[in-house]
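So you can see what is in the structure, the chains are spelled out below.
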Amino acid sequence: ITRKNKQRISKVFANLEAGKPLGTAVAEITSTIGEARTLPPGYDFRFVGKYEVMTEGQQQMAEAMLIAIILIFLCLGAILESFRQPVMIFISLPLALIGVMWSLYMTGLPMDIFVIMGMIMMAGIVVNNAILILDKFNVNVALGIPRHTAMITASCERFRPIIMTTIAAVLGMMPLAISRGIGAELRNAIGVASMGGIFISGVLTLILLPVLYALFTRRGNQKH
């Protein structure tokens, strides 16, 4: 008699078909069992094995992501001596998420635990572009340039460094994305997701940061 947590259990083993994400398979099986209602009273089911490990890993990675964001925010607030500018810098994070989702969709790769690890690492990389723009913006304001003009000028002047660092980061991740061999399937997803997140975030930050700054400060600009 097999028991777990003082309950009798019966194990059912299965393998995923090619191209089927684990989370999607679990959702389909759960939906099928729920619609069939074939389990007698007192019986229940749950998924263990890789799915249980994946769920626990996702929870731990979510906690790590939250801690990373808080630490980055506090560090930027101390360096810039402002808690408003770090909020603007953080627009790079959802932009990176857009790139991650787009790249995984285009390549047909699933979002696994390695991709989530890559997203945590990207949290400290993609904010660099916005930091470059805001740092130059503060320098321009200190020189007496009007704030809106200072933001546009900062974006234009930092265009080349941001493009250079973005291309360098993307090329650095390329070996992970295109590698072949034993265990390559575990590395390809994190490489593709990192390339997409860094590239899309770098391009969109140059466009959206000045636009959002103009929108948020429009009322104050009209008063003056």
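Since this is a predicted model, take the numbers as computed values, not measurements.

1. With respect to the overall build of the protein chain
Consideration 1: Assigned secondary structure in the protein chain consists of 10 helices and 2 strands.
Consideration 2: In sequence order, the protein chain lays out its α and β elements as β-β-α-α-α-α-α-α-α-α-α-α.
Consideration 3: In terms of C-alpha radius of gyration, the protein chain reaches 23 Å, well past the compact-globule figure of 17 Å for 224 residues.
Consideration 4: For the protein chain, the spread of C-alpha atoms along the three principal axes comes to 80 × 40 × 30 Å.
Consideration 5: Evaluated residue by residue, the protein chain yields a buried proportion of 31% over its 224 residues.
Consideration 6: Counted over contacts in the protein chain with a minimum sequence separation of 6, partners at least 24 positions apart contribute 64%.
Consideration 7: Of the roughly 14,900 Å² that the protein chain leaves accessible, carbon and sulfur atoms contribute 65%.
Consideration 8: Distance between charge centroids for the protein chain: 4 Å, based on 19 positive and 12 negative side chains.

2. What about the side chain of serine 201?
Consideration 1: By the secondary structure assignment, serine 201 is in helix α9 (residues 184–216).
Consideration 2: The exposure class of serine 201 is buried, given its relative accessible area of 0%.

3. Notes on helix α7 (residues 147–157)
Consideration 1: Of all the positions in α7, only Ala150, Met151, Ala154 and Ser155 are classed as buried. Taken around the axis of α7, the buried residues stretch over an arc of 130 degrees, which confines them to a single face.
Consideration 2: At its buried positions, α7 is contacted by α3 (85–89), α6 (127–142), α8 (159–178) and α9.

4. Here's the deal with the packing of aromatic side chains
Consideration 1: Following the criterion strictly, the structure yields 5 aromatic pairs and no others.
Consideration 2: Relative to phenylalanine 47, the ring of phenylalanine 45 lies with its centre 5.9 Å away and its plane at 90 degrees, an arrangement referred to as edge-to-face.
Consideration 3: Residue class for phenylalanine 47 comes out partly exposed when judged on its relative accessible area of 25%.
Consideration 4: Between phenylalanine 47 and tyrosine 51, the aromatic rings sit 5.8 Å apart at their centres with planes inclined by 70 degrees, giving edge-to-face as the arrangement.
Consideration 5: Following the ring pairs from residue to residue traces out a cluster consisting of Phe45, Phe47 and Tyr51.

5. Looking at the packing of helix α2 (residues 50–80) against helix α5 (residues 113–122)
Consideration 1: For the pair α2 and α5, interaxial distance at closest approach is 10 Å and the crossing angle is 5 degrees. It follows that α2 is roughly parallel to α5 by the angle criterion. Between α2 and α5, the contacting residues are Gly57, Gln58, Met61, Ala64 and Met65 on the first element and Ile113, Ile116, Met117, Met119 and Ile120 on the second.
Consideration 2: Classifying every residue of the contact of α2 with α5 by side-chain character gives 8 nonpolar, 2 polar and no charged.

6. Overview of a nonpolar patch on the surface
Consideration 1: Side chains of Phe199, Val203, Ile207, Val211, Leu215 and Phe216 sit close together on the surface and give an oily, nonpolar patch of about 570 Å² of accessible area.
Consideration 2: Mapped onto the elements, valine 211 comes out in helix α9.
Consideration 3: A relative accessible area of 41% places valine 211 in the partly exposed class.

7. Description of unusual backbone geometry
Consideration 1: We note that asparagine 5 has phi near 55 degrees; this positive angle belongs to a residue other than glycine.
Consideration 2: Its place among the elements puts asparagine 5 in the loop between β1 (3–4) and β2 (7–8).
Consideration 3: Backbone geometry places lysine 6, a non-glycine residue, at a positive phi of 65 degrees.
Consideration 4: As for its placement among the helices and strands, lysine 6 is situated in the loop between β1 and β2.
Consideration 5: A relative accessible area of 81% means that lysine 6 is categorised as exposed.

8. A word on the pattern of salt bridges
Consideration 1: Taken as a whole and judged by the stated rule, the model has 1 salt bridge.
Consideration 2: The closest approach of N and O atoms between glutamate 157 and lysine 136, which form a salt bridge, is 3.4 Å. Separated by 21 residues along the polypeptide, glutamate 157 in helix α7 and lysine 136 in helix α6 bring together distant segments of the chain.
Consideration 3: Taking relative accessible area as the criterion, glutamate 157 reaches 39% and is therefore assigned partly exposed.

Calculation criteria
Residues numbered from 1 in each chain as written. Predicted model: local features only at pLDDT ≥ 70, side-chain atom pairs only at ≥ 80, totals over all residues. Heavy atoms only, no water. Helix = DSSP H or I, 4+ residues; strand = E, 2+ residues; numbered from the N terminus. Rg over C-alpha atoms; globule rule 2.2 N^0.38 Å. Buried < 20%, exposed > 50% of the residue type's maximum accessible area, 1.4 Å probe, protein only. Contact = heavy atoms within 4.5 Å. Areas by Shrake-Rupley, 256 points an atom, 1.4 Å probe, with all protein chains shown as cover. Lys, Arg positive; Asp, Glu negative; His and termini not counted. Charge placed at Lys NZ, Arg CZ, Asp CG, Glu CD. Arc of directions from axis to C-beta. Phe/Tyr/Trp six-rings, centres within 6.5 Å; stacked < 30°, edge-to-face > 60°. Axes fitted to C-alpha atoms, helices over the stretch in contact; angles between N-to-C directions. Parallel < 35°, antiparallel > 145°, perpendicular 65-115°, else oblique. Nonpolar A, V, L, I, M, F, W, Y, C, P; charged D, E, K, R; others polar. Patch = residues over 30% accessible without salt bridge, like charges linked within 9 Å, V, L, I, M, F, W, Y side chains within 5 Å. Salt bridge = Lys/Arg side-chain N within 4 Å of Asp/Glu carboxyl O.

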